[in-house]
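Spelled out from the first residue to the last, the chains are:
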Amino acid sequence: FEMYLIRHGETSSNAGKPRGEHEHAHDPGLTERGKCQAALVGKRMAALALDKVFASGLERAVETAAHIAAVQPEGGSQTVNILPILCETGVSEDYEGHPIAYFSGKYAAKKADGVEGDKLGVPSGSSDDAASFARGEEAIRYFTDRFVNGEKIAVVAHGAFNTFILLAAMSVRPENMAFDFDFFNTGVTRIVFYDENGGIYGEKARVAFLNDTSHLYEDFPGFCFYDDPAKSEKG
């Protein structure tokens, strides 16, 4: 199967702006620019008939995924499946997240198959790499257990946790990494999974492309993709 791993659109935190009074520190919504980015990645993914669209239980991911699902063609998934284990790293123990009724009242969204309970946040403590990698492995097992027939799925998660999803897909532990990945807002990474005896070289997974943001170029011709707004403009 094919996984399109996507980071959510821009939030106030990414843009270096103060959060709105209604926003929790761990759960800001998309900025107007972030909504535009989400619409553009949705337009890009509309070229595919996705079998499932997944998001973490944080609003910025659900809102981005909702833009993707809303423009899926006939035969594509037009519902966001919320999978809490995709939550960003470093979310404190005191944040339980929104209940499913909150999201289903705003978006075409439901709990992903197998998800129990009402709260959709996953506290992840102090961003411990070993714990985050274990959660990335759990996410990969969730998908590889369910998709085995050439399906195409979108997975909308977060800048830090996407690294651990990617490493888990490649079976590379974080302590063996001599470099890090940087996932930009709505950057798309395509990972193709094979069965144990399949693939050109017998791999379990192959990265076809990493952090592709070409869908943003038309509306953001000078966009340099930095989270730091002081670095985001280029001639």
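It should be noted that the structure appears before, not after, this text.
This report concerns the structure included in the present document. Within each chain, residues carry numbers counting from 1 in the order of the written sequence. Reporting of local features is limited, given that this is a predicted model, to residues whose pLDDT is at least 70; pairs of side-chain atoms are given and counted only at 80 or more, and all residues count toward the totals for whole chains, interfaces and linings. Hydrogens and water are ignored here; the side-chain numbers use all heavy atoms of the structure.

Numbering of helices and strands starts at the N terminus; helices are DSSP runs of H or I of at least 4 residues and strands are runs of E of at least 2. From N to C terminus, the protein includes five helices and seven strands. The helix and strand sequence of the protein, counted from the amino end, reads β-α-β-α-β-α-β-α-β-α-β-β. Residues are treated as being in contact if the distance between any of their heavy atoms lies within 4.5 Å. Across the protein, the fraction of contacts at a sequence separation of at least 24, relative to all contacts at a separation of at least 6, is 73%. Each accessible area is a Shrake-Rupley estimate made with a 1.4 Å probe; only the visible protein chains count as cover when residues are assessed. Carbon and sulfur atoms provide 49% of the accessible area of the protein, an area that totals close to 10,900 Å².

Multiplying 1.5 Å by the helix residue count minus one yields the expected span of that helix. Helix length check: helix 1 (residues 32–45), at 14 residues, gives a terminal C-alpha distance of 20 Å against a target of 20 Å (1.5 Å per residue), a fit within 8%. Those residues of helix 1 that fall on the buried side of the exposure criterion are Gly-34, Gln-37, Ala-38, Leu-40, Val-41, Gly-42 and Met-45. On its buried face, helix 1 is in contact with strand 1 (2–7), helix 2 (59–70) and strand 6 (188–193). Each residue is assigned to one of three classes by its accessible area relative to the maximum for its type, calculated with a 1.4 Å probe on protein chains only: buried under 20%, partly exposed between the two thresholds, exposed over 50%.

DSSP-based pairing: two strands are paired if at least 2 bridges between them are found. Across four bridges, strand 2 (residues 52–55) lies against strand 5 (residues 152–157) in parallel orientation. Following the sheet pairing, Ala-55 is matched in strand 5 by Val-156. Inspection of the sheet shows strand 2 paired to strand 3 (residues 80–82) by three bridges, in the parallel sense. Residue Ala-55 lies in a different strand from strand 3, and its bridge partner there is Ile-82. You can see the chain leave strand 2, run along helix 2 and come back into strand 3, and the turn it takes is right-handed. By convention a crossover is right-handed if, when the strands point away from the viewer, the path from the first strand over the helix to the second runs clockwise.

This brings us to the layout of surface pockets. Put simply, the grid is 1 Å and covers the protein atoms alone, a cavity is a trapped set of points that fit a 1.4 Å probe, a pocket is an open set with protein on both sides within 12 Å along at least five of seven lines, and lining residues have an atom within 4 Å of a point. Grid points are joined across faces, edges and corners, and a volume is the space filled by probe spheres set on the points. In this structure, the largest pocket spans a volume of roughly 200 Å³. Lining the largest pocket are 11 residues, with Phe-147, Val-148, Phe-193, Tyr-194 and Asp-195 sitting closest to its centre. Classification used: nonpolar for Ala, Val, Leu, Ile, Met, Phe, Trp, Tyr, Cys and Pro, charged for Asp, Glu, Lys and Arg, polar for all others including Gly. Per-class residue counts for the lining of the largest pocket are five nonpolar, three polar and three charged.

It is worth spelling out the packing of aromatic side chains at this point. Stacked, tilted and edge-to-face are the three classes assigned to paired rings of Phe, Tyr and Trp, where Trp is represented by its six-membered ring and a pair needs centres within 6.5 Å; plane angles under 30 degrees give stacked, over 60 edge-to-face, the rest tilted. Counted by the stated rule, this structure contains 10 aromatic pairs. Centroid distance Phe-54 to Phe-147: 6.1 Å. Interplanar angle 75°. Geometry classified as edge-to-face. With Phe-54 in strand 2 and Phe-147 in the loop between helix 4 (129–146) and strand 5, the pair connects residues that are 93 residues apart, well separated along the chain. By relative accessible area, Phe-54 is classed as buried at 3%. With centroids separated by 5.5 Å and ring planes inclined at 90°, the aromatic side chains of Tyr-142 and Phe-143 adopt a geometry described as edge-to-face. Owing to a relative accessible area of 0%, Phe-143 belongs among the buried residues under this scheme.

Turning next to the environment of Glu-63. Mapped onto the elements of the fold, Glu-63 is located in helix 2. For the pair Glu-63 and Gly-34, spaced 29 residues apart in sequence, the C-alpha to C-alpha distance is 9.7 Å. Once residues lying within four places of it in the same chain are set aside, the contact partners of Glu-63 are Gly-29, Leu-30, Lys-35 and Tyr-107. In protein, a polar contact means a hydrogen-donor-capable atom and an acceptor-capable atom, both N or O and within 3.5 Å, with residues adjacent in sequence counting only if both atoms are side-chain atoms; elsewhere, any N or O pair within 3.5 Å suffices. For Glu-63, the side chain forms a polar contact with the side chain of Lys-35, separated by 2.6 Å.

Time to look at the nonpolar core. Soluble globular proteins tend to pack their nonpolar side chains together in the buried interior. Only buried residues count toward a nonpolar core, which is a set of Ala, Val, Leu, Ile, Met, Phe, Trp, Tyr and Cys residues joined through side-chain atoms within 4.5 Å. One finds Met-3, Phe-54, Val-80, Leu-83, Leu-86 and Phe-143 to be the most contacted residues of the largest nonpolar core, which totals 53 residues. For Leu-83, the residues in contact, after removing those within four places along its chain, are Phe-54, Ala-55, Ser-56, Gly-57, Ala-112, Val-115, Tyr-142 and Phe-143. Formed by five residues, the second largest nonpolar core is a distinct cluster that contains Leu-58, Cys-87, Tyr-95 and Val-122.

Another aspect to go through is the packing of helix 4 against helix 5 (residues 161–170). To get an axis, a line is fitted to the C-alpha atoms, and for a helix only the part in contact is used. The angle between two axes follows their N-to-C directions and goes from 0 to 180 degrees. In contact at an axis separation of 8 Å, helix 4 and helix 5 are set at 65° when each is read in the N-to-C sense. Of the two elements, helix 4 crosses helix 5, and the hand of that crossing is right-handed. Taken together, the residues of helix 5 that come into contact with helix 4 (itself represented by Asp-129, Ser-132, Phe-133, Arg-135, Gly-136, Glu-137 and Ile-140) are Phe-161, Phe-164, Ile-165, Leu-167, Ala-168 and Ala-169. By the definition used in this description, the sense in which the near helix is turned from the far one sets the handedness, with an anticlockwise turn below a right angle giving left-handed and a clockwise turn giving right-handed.

Another point: the sheet that holds strand 1. Spatially, the seven strands line up as an open sheet ordered 4-3-2-5-1-6-7, and their pairing is mixed. Of all strands in the sheet, those bounded by a partner on one side alone are strand 4 (109–111) and strand 7 (205–212). Strand after strand, the sheet turns through a mean of 25° between neighbouring axes, direction not considered. Judged from the six bridges that link them, strand 1 and strand 5 form a sheet pairing that is parallel. Within the sheet, the bridge partner assigned to Glu-2 lies in strand 5 and is Lys-152. Most of the contacts of helix 2 go to strand 2, to which it runs at about 165°, and overall it touches strand 1, strand 2, strand 3 and strand 5.

These values are about where atoms sit, not about what they do.
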